[in-house]
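Summary of structural features
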Amino acid sequence: MSEKQQVGSSYWLDTAPDGRHPALTEDLDVDVAVIGAGIAGLCTAWELTRAGRSVAVLEAGRVAAGVTGHTTAKVTALHTLVYDKLRRTRGPEGARLYARSQSEAIERAAGIVGELGIDCEWETRSAYTYARDAARVDELRAEARAAAEAGLPASFVTETGLPFPVAGAVRVTGQAQFHPRKYLLALAADLVERGGHIYEDTAVLGLDEGEPCRLSTTTGAPVRARDVVVATHYPIFDRALLFARLSPRRELVVAGTIPAGQDPDGMFITPDEGIRSVRTAPYDGDRRLLVVTGEHFTPGTGDPRARFEHLTAWATGHFPDLEVTHRWATQDIDPTDTVPMVGPLHPGARHAYVATGFGGWGMSGGMMAGRLLTAQITGEECAWSGLYDPRRLRPAVREAPSFLKTQAKVAGHFVGDRLRPVPPVESLPPGEGAVVRVDGHRLAVYRDDDGSLHAFSARCTHLGCLVAFNGAERAWECPCHGSRFDTDGKVIQGPATKPLEQRDI
């Protein structure tokens with residue numbers, strides 16, 4: 001990948017206002033503290049403010065600039081191939097509750113767009129899960145039946161607007177797509193106007209679940225709140241072994257413009273070919289922005305640069321007039337038992353809640369989480385509380401093979417990565433990093449473009465797995481739980497809350 005093609009910021013970050021909020025500098029008392037200003041956190045905070053609660057959102061970076069700022073921004077209840085599986089593992093009622101909760105979240109968001117007059121490029125589109133392999137047709141037909149029985153406007157089709165034939169597809173009409181950062185900045189502005197608080201550059205380090213709860217922050221200013229919501233994508237606190245039931249994966253995104261007449265007119269995904277997701281967005285009168293996602297992998301493994309080239313070749317091969325303008329990457333968290341975890345943080349929690357494990361469908365999932373957590377905090381009934389309850393045990397036991405596979409992968413990295421041979425420091429070219437051995441210790445060493453070395457302990461500050469270097473994004477990544485650090489050792493993405501420990505070399 002050339003320097004011009006080096007992965008950078010997302011289209012959503014480049015084309016939205018750069019509104020900023022202050023850091024927390026003094027003690028604060030509120031009804032609810034929400035940790036994380038992505039879609040789950042901001043939707044929860046906004047709903048709670050509307051319900052009359054005093055709310056503070058604490059964000060380590062910037063509003064809607066983390067995972068939410070790098071999404072493909074599909075707002076749909078069709079989540080690849082989920083309904084036939086839910087029908088078998090959770091029963092028909094579980095599948096219906098899943099479909100209803102996701103659909104009502106989308107309807108709620110559409111209503112908010114109209115109510116607040118948000119200019120966020122909201123467009124109604126059909127969503128498709130397709131396959132090109134005829135061997136998967138029966139699977140797609142079963143998914144279409146299950147989705148329809150769950151209450152979605154779903155059908156099996158053999159024709160789509162894609163520029164290549166498909167063996168079959170599940171189509172769900174009446175779904176949506178939007179500009180996620182513009183939407184969330186509008187929610188943030190309305191939240192503040194209604195008396196809510198948003199603090200950026202304020203990472204949370206500790207949680208004391210007393211009455212009230214007490215949060216410690218990197219700014220030194222404490223926060224006291226009756227209730228706390230952990231909406232940091234991957235939870236920064238693990239008080240119910242959630243880490244053992246979550247698996248991080250990274251996905252690459254290539255975006256650019258195509259002639260408007262080549263718009264496939266829909267949102268598409270296939271579980272084949274390393275996953276391929278396709279959608280478009282408004283750009284100008286003559287062209288649309290094409291967004292292609294795929295090449296999923298565990299953070300800290302493989303060669304992302306080669307994967308970017310592979311994804312770009314796929315996109316330009318099927319859309320020859322594509323003019324690539326952006327390359328970025330996003331991160332998803334998969335639960336071992338299919339369904340996101342939204343509700344009490346652990347079995348003994350009375351005032352601490354969590355929202356995580358959206359499995360790549362965080363837009364509708366985050367909107368759903370906002371409504372569900374607001375209902376739980378305000379004492380309202382919600383029909384799907386049990387479905388998403390993080391304390392659930394029977395589904396986790398039923399899908400034990402996925403749980404064991406996740407843990408085996410973590411154990412393999414924890415042990416195996418310490419046995420791998422390492423290159424000499426002298427071999428590092430500018431702009432590259434590697435884990436090397438110095439005086440018997442494994443160090444994460446990066447050589448910047450000027451030739452200077454930056455060295456840190458290679459142990460992730462979360463649970464001690466060894467990090468690896470992502471050359472495409474110039475970041476250190478933990479393959480065990482997905483923590484990410486920049487070349488200065490600072491945390492980019494949790495669950496780690498502390499930077500890599502600096503070392504002399």
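This section reports on the structure supplied with the text. In every chain, residue numbers begin from 1 and rise along the written sequence. The predicted nature of this model means local features are confined to residues of pLDDT at least 70 and side-chain atom pairs, given and counted, to a pLDDT of 80 or more, with totals for whole chains, interfaces and linings taken over all residues. Hydrogens and water molecules were not included; the side-chain quantities draw on all heavy atoms of the structure.

**Quick notes on the sheet that holds strand E19 (residues 441–447)**
Formally: Pairing between strands requires that DSSP locate at least two bridges from one strand to the other. Secondary structure counts use DSSP, requiring at least four H or I residues in a row for a helix and at least two E residues in a row for a strand, with both numbered from the N terminus.
The strand order E18-E19-E20-E25 describes an open sheet built from four strands, whose pairing is antiparallel. Pairing within the sheet leaves two strands with one partner each, and these edge strands are strand E18 (432–438) and strand E25 (502–503). Examined bridge by bridge, E18 and E19 share seven bridges and lie antiparallel to one another. What sits directly across from Ala434, in E19, is Val445.

**Re the state of the cysteines**
Basically, it comes down to this: The rule for a disulfide is simple: a pair of cysteine sulfur atoms within 2.5 Å. In this scheme, a residue with accessible area under 20% of its type's maximum is buried, one over 50% is exposed, and one in between is partly exposed, where area comes from a 1.4 Å probe on protein chains only.
For the coordinates displayed, the defined rule picks out one disulfide. For Cys465, the disulfide goes to Cys480, at an S-S distance of 2.1 Å. The S-S bond linking Cys465 to Cys480 shows a torsion near -95°; that makes this disulfide left-handed. Here Cys465 is found in the loop between strand E20 (453–457) and strand E21 (468–470), whereas its partner Cys480 is found in the loop between strand E22 (475–477) and strand E23 (484–485), with 15 residues between them in sequence. Taking relative accessible area as the criterion, Cys480 reaches 2% and is therefore assigned buried. Cysteine Cys120 remains unbridged, with the sulfur of Cys43 as its closest cysteine sulfur at 11 Å. The closest cysteine sulfur to the non-disulfide-bonded Cys382 is located on Cys43, 15 Å from its own sulfur.

**A short note on unusual backbone geometry**
In this chain, Glu211 is followed by Pro212 through a cis amide linkage whose omega measures 10°. Tracing the backbone through its elements, the reader meets Pro212 in the loop between strand E8 (204–208) and strand E9 (213–217). Backbone torsion omega between Gly494 and Pro495 reads 25°, so that peptide bond is classified as cis. With respect to the helices and strands, the residue Pro495 is situated in the loop between strand E24 (491–493) and E25.

**Brief notes about helix H8 (residues 362–378)**
In plain terms, the rule: Expected helix span is given by 1.5 Å per residue-to-residue step, counting one fewer step than there are residues.
Its 17 residues place the ends of H8 23 Å apart at the C-alpha level, agreeing with the 24 Å of an ideal helix rising 1.5 Å per residue. Most of H8 is tucked away, with 14 of its 17 residues classed as buried. Looking one or two residues beyond H8, the residue adopting positive phi is Gly379, at roughly 85°.

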